[in-house]
Amino acid sequence: MTAICGDALLTAEGRQLAPASDAFNDRVTYLEQAIRCLDTIADTDQRLIAVSL
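Residues numbered from 1 in each chain as written. Predicted model: local features only at pLDDT ≥ 70, side-chain atom pairs only at ≥ 80, totals over all residues. Heavy atoms only, no water.

> Could you clarify how one ought to interpret the side chain of Arg-27 in this entry?
With respect to the secondary-structure elements, Arg-27 resides in helix 2 (residues 24–40). A relative accessible area of 19% places Arg-27 in the buried class. A polar contact of 3.4 Å, which involves the side chain of Arg-27, links it to the side chain of Asp-7. (Helix = DSSP H or I, 4+ residues; strand = E, 2+ residues; numbered from the N terminus. Buried < 20%, exposed > 50% of the residue type's maximum accessible area, 1.4 Å probe, protein only. Polar contact = N/O pair within 3.5 Å; in protein donor to acceptor, adjacent residues only side chain to side chain.)

> So what exactly am I meant to see when it comes to the state of the cysteines here?
As used here, a disulfide is simply a covalent bond connecting the sulfur atoms of two cysteines. Tallying each qualifying case throughout the model produces zero disulfides. Cys-37 provides the cysteine sulfur closest to Cys-5, a residue in no disulfide bond, and the two sulfurs are 8.7 Å apart. Cys-5 sits in the buried class, given a relative accessible area of 4%. (Disulfide = S-S within 2.5 Å.)

> It is not clear to me how the pattern of salt bridges should be interpreted in this structure. Could you clarify?
Between side chains of opposite charge, a pair can form as their charged atoms come close. Taken as a whole, this structure holds one salt bridge when the rule is applied. For Asp-7, the salt bridge identified is with Arg-27, shortest N-O distance 3.4 Å. Of this pair, Asp-7 sits in the loop between helix 1 (2–5) and strand 1 (9–10) while Arg-27 sits in helix 2; the two residues are 20 residues apart in sequence, bridging distant segments of the chain. Residue classification places Asp-7 among the exposed positions, given a relative accessible area of 58%. (Salt bridge = Lys/Arg side-chain N within 4 Å of Asp/Glu carboxyl O.)

> Looking at this model, I keep getting lost on the environment of Ala-12. Mind explaining?
With respect to the helices, strands and loops of the structure, Ala-12 is situated in the loop between strand 1 and strand 2 (16–17). Take Ala-12: its relative accessible area is 65%, and that puts it in the exposed class. Taking the C-alpha atoms as reference, Ala-12 lies 8.5 Å from Gln-46; in sequence the two are 34 residues apart.

Here is the structure:
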């Protein structure tokens, strides 16, 4: 999941998802939210763009 979601995710609606801190629990919570968000685009015409800064 970390390789797919990276350190932050910008949703199609413009909402930014990111962990609240570097604490393990915050990172796990973020990754769970990000994966749920990515699951919603699986059956749509939306595209996923990944950017490394």
